[in-house]
Amino acid sequence: MSQEILVTGGAGYIGSHTLRALVSAGFAPVCFDDLSTGFRSFAGAAPFCRGDLAAQRDLELAFAAHTFAAVVHFASHALVEESYRNPHKYYHDNILNALNLLQAMGRHGCRLLVFSSSCATYGIPPAVPMDESTPLRPVNPYGATKMFIERILADYEAAHGVRSVSLRYFNAAGAAHDGTIGELHRPETHLIPRLLDIALAQDGVAEIYGDDYPTADGTCIRDYIHVADLAAAHLAALEHLLAGGQSTALNLGSGRGHSVREVVAQVARTTGIRIPEVVKARRSGDPPALVADARKAGLVLSWRTRHSSLAEIVETAWNWHRNGRQDLQSAPS
Ligand code: UFG
């Protein structure tokens with residue numbers, strides 16, 4: 001019989017792509033989501049528990065109805081800017097919800113967890129590309145919550161034998177190749193979907209948050225990784241744990257950096273639409289450059305990126321943006 005896997009935040013962007021990868025690999029994922037930012041349709045035919053991680057009762061219902069071999073934990077607040085304005089929301093919800101989840105896992109003898117962490121745990125790195133030995137010095141509350149949860153996981157392993165893989169993503173981007181699921185946040189703060197909004201409307205101006213960074217063209221450099229590659233890494237991390245592999249933290253990125261202006265140019269090439277630009281003030285807490293050294297993930301998980309060229313990322317995101325995303329927005333909720 002297929003192993004049941006609890007996926008918190010399975011109706012969200014990265015969670016839903018991972019849910020599909022798990023189904024394709026023969027697992028039986030169960031989606032747990034409060035639909036505060038996710039979409040019910042993203043979970044497809046997977047069993048769905050509408051629940052709040054803050055409520056032990058909701059978790060108990062899910063754990064009582066299934067026998068989970070492992071948990072993949074995505075559900076989290078994930079907006080850097082918001083985390084500055086409302087640190088309580090981030091520290092309170094992200095951390096307490098992870099503790100609730102670990103408590104429920106403990107009650108039901110489930111001791112394997114793949115955790116959705118972030119390169120935001122590093123803060124502003126001394127150099128790029130950065131590997132996992134880079135000191136964790138988060139510069140915003142969001143990144144700090146991810147760092148604290150990684151620490152909590154280490155303590156739970158020592159005390160309760162919970163093994164975990166923390167996946168530190170760089171910039172998740174792109175959409176499913178069949179165009180049925182992709183990125184949709186409200187409000188949208190991420191660079192690529194914001195640029196695609198302008199291309200779709202053939203109206204608006206790309207805001208560049210600072211062009212005086214110490215980079216070749218003065219704009220920030222990020223490592224964009226295709227969401228399908230992230231989903232494959234979650235699957236590989238799960239298989240690593242199920243096979244008895246040790247706990248670890250792994251960077252997930254393509255190893256290539258692209259400046260904001262390079263992304264604007266790629267969006268113009270892919271869409272065939274000229275994107276006018278305006279330079280705005282720097283956004284607080286933006287490191288000049290973040291590029292992953294993801295060799296450890298390659299070694300531990302036998303994983304590599306396959307879809308993370310900027311052209312493929314923008315192509316799939318554009319396809320979703322024009323088609324699937326439009327259908328979702330016009331559908332009744
Ligand atoms: N940017 C612009 N204009 C925009 C939007 C973004 O210039 O309209 C710039 C940002 O300043 C940044 C780059 O484009 O330099 C990418 O910005 P995103 O908002 O798309 O992504 P971030 O790099 O801010 O965020 C990502 C993840 C977070 C994670 C963070 C770590 O989405 O989860 O990296 O720094 F915390």
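Scroll up for the structure.
First, a word on scope: everything that follows refers to the structure included in this document. Source: prediction; values computed, not measured.

## Here's the deal with the overall build of the protein chain
The secondary structure content of the protein chain amounts to 11 helices and 13 strands. At 19 Å, the protein chain has a C-alpha radius of gyration in line with the 20 Å of a compact globule built from 333 residues. When the backbone C-alpha atoms are referred to their principal axes, the protein chain occupies close to 55 × 45 × 40 Å. Counting all 333 residues of the protein chain, 54% fall into the buried class.

## So, the nonpolar core
In terms of nonpolar packing, the biggest core is built from 36 residues, with Ile-5, Ile-14, Leu-167, Leu-252 and Trp-303 touching the most fellow members. Taken together, the elements giving at least two residues each to this core come down to β1 (4–8), α1 (13–24), β4 (68–73), β5 (112–118), β6 (163–169), α7 (227–242), β11 (248–252) and α9 (295–301). Among the elements that take part in this core, α7 stands out by supplying eight residues, more than any other. In this structure, Ile-5 is in contact with Leu-22, Phe-27, Ala-28, Pro-29, Val-30, Phe-68, Ala-69, Ala-70, Val-72 and Leu-238, ignoring residues within four places of it in sequence. Leu-6, Cys-49, Val-71 and Cys-110 belong to the second-largest nonpolar core, a separate cluster that totals 24 residues.

## What about the site of the ligand?
Every one of the 20 residues lining the ligand counts as a neighbour, but Leu-191, Glu-207, Arg-222, Arg-283 and Asp-286 are closest to it. Take His-190: an N or O atom from its side chain is 3.0 Å from an oxygen atom of the ligand. Arg-283 places a polar side-chain atom, nitrogen or oxygen, 2.5 Å from an oxygen atom of the ligand. A total of 680 Å² of accessible area belongs to the ligand in isolation, and the protein chains cover 92% of it. Sorting the residues of the shell around the ligand by element identifies α6 (191–201) and β8 (206–209) as the ones contributing at least two each. Of all the elements, β8 adds the most residues to the shell around the ligand, at three residues. Its residues placed into classes, the shell around the ligand shows 11 nonpolar, four polar and five charged.

## Quick notes on the packing of α1 against α7
Two elements in contact, α1 and α7, have axes separated by 8 Å at closest approach and are oriented at 60°. One way to sum up the angle between α1 and α7 is to call them oblique. Read as a crossing pair, α1 and α7 show a hand that is right-handed. In contact with Tyr-13, Ile-14, His-17, Thr-18, Ala-21 and Leu-22 of α1, α7 contributes Val-227, Leu-230, Ala-231, His-234, Leu-235 and Leu-238. Each residue belonging to the contact of α1 with α7 can be placed in one class, and the counts come to nine nonpolar, three polar and no charged.

What counts and how
- Residues numbered from 1 in each chain as written.
- Predicted model: local features only at pLDDT ≥ 70, side-chain atom pairs only at ≥ 80, totals over all residues.
- Heavy atoms only, no water.
- Helix = DSSP H or I, 4+ residues; strand = E, 2+ residues; numbered from the N terminus.
- Rg over C-alpha atoms; globule rule 2.2 N^0.38 Å.
- Buried < 20%, exposed > 50% of the residue type's maximum accessible area, 1.4 Å probe, protein only.
- Core = buried A, V, L, I, M, F, W, Y, C linked by side-chain atoms within 4.5 Å.
- Contact = heavy atoms within 4.5 Å.
- Near = heavy atom within 4 Å.
- Polar contact = N/O pair within 3.5 Å; in protein donor to acceptor, adjacent residues only side chain to side chain.
- Areas by Shrake-Rupley, 256 points an atom, 1.4 Å probe, with all protein chains shown as cover.
- Nonpolar A, V, L, I, M, F, W, Y, C, P; charged D, E, K, R; others polar.
- Axes fitted to C-alpha atoms, helices over the stretch in contact; angles between N-to-C directions.
- Parallel < 35°, antiparallel > 145°, perpendicular 65-115°, else oblique.
- Left-handed = near helix turned anticlockwise from the far one by under 90°.

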